[in-house]
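Structural description and commentary
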Amino acid sequence: MWLLPVLSCRLAILANMAASTVSEPYATFPPLVVRLGIRYCAGRETDSLSRPPPVMSPLTMPEDTAQESQDDHRGSVRELLEVAIPLIISSGSVSLMHVVDRIFLTWWSVDALAAALPAGITFWTAIALPMGIGIYTNTFVAQYSGANRPGRLVASVWQGTYFVLFAGLLLLGLLPFTDDLFQWMGHESAVQALEIEYFSVMIYGATPMLLSAVLSSFFSGRGRTRVVMAVNLFVALLNIGLDYVLIFGVDGLIAPGGVRGAAIATVIAQTAAAVIFACLVIKACREEGFPLWQNWRPDRELIGRMLWYGMPNGFQFFVDIAGFAVFIGLVGHLGKESLTATNLAFNLNSLAFIPMMGLSTAVMTLVGQRIGERDAELAVRTTWLAFCLSSLYMAAWACIYLFAPDVILAPYAAFAEIESFERLRPIVTMLLRFIVLYSFFDAMLIVFGAAVRGAGDTRFSLVFSFIGAWLLMVLPVYLFTRAGTLTLPIAWSIITCYIFVMGIGFLARFQLGHWKSMSVIEHDADEETVEELTLPVTATTPADAAAAVSAAGGGRGE
């Protein structure tokens, strides 16, 4: 409990820092969240009330007016929220999807819940490297957008698509080794059989999942985050509906599938997401004038540069997730109850953590755009605003974990086996207190890590993440396991210290400022000038104008 006063003081300082970015009419509202929300809503209301019939695009306005339109909100809370809120909602829908999936599996059986985490995290370990490289397409899109180079932007999406399709096919080669992999983990036989069943289906969803990540970057990298939000909300709802039907079955129509049904639901939903994003990219390129079909050819130089910068990002994903996979595997040796309680605690933590991944994507996008525009100081301002928001959000969830654990555990307990769940309840409540301790430092890790990666500082992220995950987390847990002295509190104390160090380390790297001089794209003034003229004028409202500026690389959110 000693940490809460410290966090309160720190959050007060951050709130004062963020308050300086809010204009005078809203400065009288004391809570930061209220001020941010009012500013965002007021901006939206003003847009809708003052929106006249068809107006000229900023691309055809007088130069001074167009520049003022683009610069009004650069580096402001409003710009950050316009990009981040749809991504946060989008990530939140993914978090809700996973939570509901685990709730259904809890109702099905405790063994199914125990199997879902190790099998799921093993799947994520398998796709981590190509996923990290594929997601880094977002940085190329953002920086080419900021540099006003639509041809290279589209080419980046094509190269990312080719890479993940190839990687997805390679991942299917893991199927013959699935049994051996989970037997090596040494979990109880009943749990092990369900792990194999879950993973064997999920691996077929690797290709559509990777493809969705690349195609969505065409929108998120340009700040068109509402598109990503809409697709992910639909996919999450589809997955939840399929989960219930395929896990529990329908009398006379569909046999109950348990963990296999949960995995099939995820694969179907991710395939739908990939198809929808592909259709939307084609539609957007046609309507906004992006040269999609002129840039489809493989580009050895561009894909080489994407691999050069994206590979460290992919390896960072891999070492992080693989580290957690090994951690979960070692915790599994403590018994089914410890494994299940850890699964539940991480699942509840995802309610706080995964939505902040949407904020981290927004930070990567805006930092990437600012680097493309060669305006690093504005990127610094945006990053600190994002940290203020994430700290407040994490603090709110910390209060829930600390003071209302039974409330958030109630859905899991609703139809679970009462005796089994009541044994888990005090263990999960204890683990949630560890999450309270590290949540503030988790916000540091998410925001400042995203900022330096958005600029291209991926090699530091890789090395630092590797040292942290394997030397600070995996190695100590392994040594305690070998000595026969590992307990659940010791394991979670180690992971808490690991997140402390990672958060402070990324903050220090951000403050040193090496990332400010980095860029993942080539700068060619002649090509920039030529490509800038290829986009047609299609905007007829202020919102459309903002979208057109974003499409042309103006760095504005939708």
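In short, a report on the structure. These numbers were taken from a predicted model, which means no experiment stands behind them. (Residues numbered from 1 in each chain as written. Predicted model: local features only at pLDDT ≥ 70, side-chain atom pairs only at ≥ 80, totals over all residues. Heavy atoms only, no water.)

**What to know about the overall build of the chain**
Helices and strands together make up the secondary structure of the chain, namely 21 helices and zero strands. In the chain, which comprises 558 residues, the proportion classed as buried is 58%. In the chain, 85% of the contacts between residues at least 6 apart in sequence involve partners at least 24 apart. About 22,200 Å² of surface is accessible on the chain, with carbon and sulfur atoms providing 68% of the total. (Helix = DSSP H or I, 4+ residues; strand = E, 2+ residues; numbered from the N terminus. Buried < 20%, exposed > 50% of the residue type's maximum accessible area, 1.4 Å probe, protein only. Contact = heavy atoms within 4.5 Å. Areas by Shrake-Rupley, 256 points an atom, 1.4 Å probe, with all protein chains shown as cover.)

**Comments concerning a nonpolar patch on the surface**
Among the surface-exposed residues, Val463, Phe466, Ile467, Leu471, Leu472, Leu475, Tyr478, Leu479 and Val501 lie close enough to one another that they form a single nonpolar patch of about 760 Å² accessible area. Here Tyr478 is to be found in helix 18 (residues 458-483). (Patch = residues over 30% accessible without salt bridge, like charges linked within 9 Å, V, L, I, M, F, W, Y side chains within 5 Å. Salt bridge = Lys/Arg side-chain N within 4 Å of Asp/Glu carboxyl O.)

**Details of empty space enclosed by the protein**
Overall, the coordinates contain four cavities of 30 Å³ or more when judged by the stated rule. Along its surface, the second largest cavity is lined by Ile133, Gly134, Thr137, Gln159, Gly160, Phe163, Ile303, Met306 and Leu307. Looking at the lining of the second largest cavity, the elements that each hand over two or more residues are helix 5 (110-135), helix 7 (150-171) and helix 13 (300-332). A breakdown of the residues in the lining of the second largest cavity according to their chemical character gives five nonpolar, four polar and no charged. (1 Å grid on protein atoms, 1.4 Å probe; cavity = no way out; pocket = protein on both sides within 12 Å on 5 of 7 lines; lining within 4 Å. Points joined across faces, edges and corners; volume = space filled by probe spheres on them. Nonpolar A, V, L, I, M, F, W, Y, C, P; charged D, E, K, R; others polar.)

**What to know about helix 7**
The terminal C-alpha atoms of helix 7 lie 32 Å apart, and with 22 residues this matches the ideal 32 Å at 1.5 Å per residue to within 8%. Burial within helix 7 is extensive, with 17 of its 22 residues counted as buried. (Expected span 1.5 Å × (residues − 1).)

**Here's the deal with the environment of Gln159**
Relative to the helices and strands, Gln159 resides in helix 7. Taking the C-alpha atoms as reference points, Gln159 and Gly134, separated by 25 residues in sequence, lie 9.4 Å from one another. Sequence-distant contacts of Gln159, that is, excluding residues within four places in its chain, are made with Arg297, Pro298, Asp299, Leu302, Ile303 and Met306.

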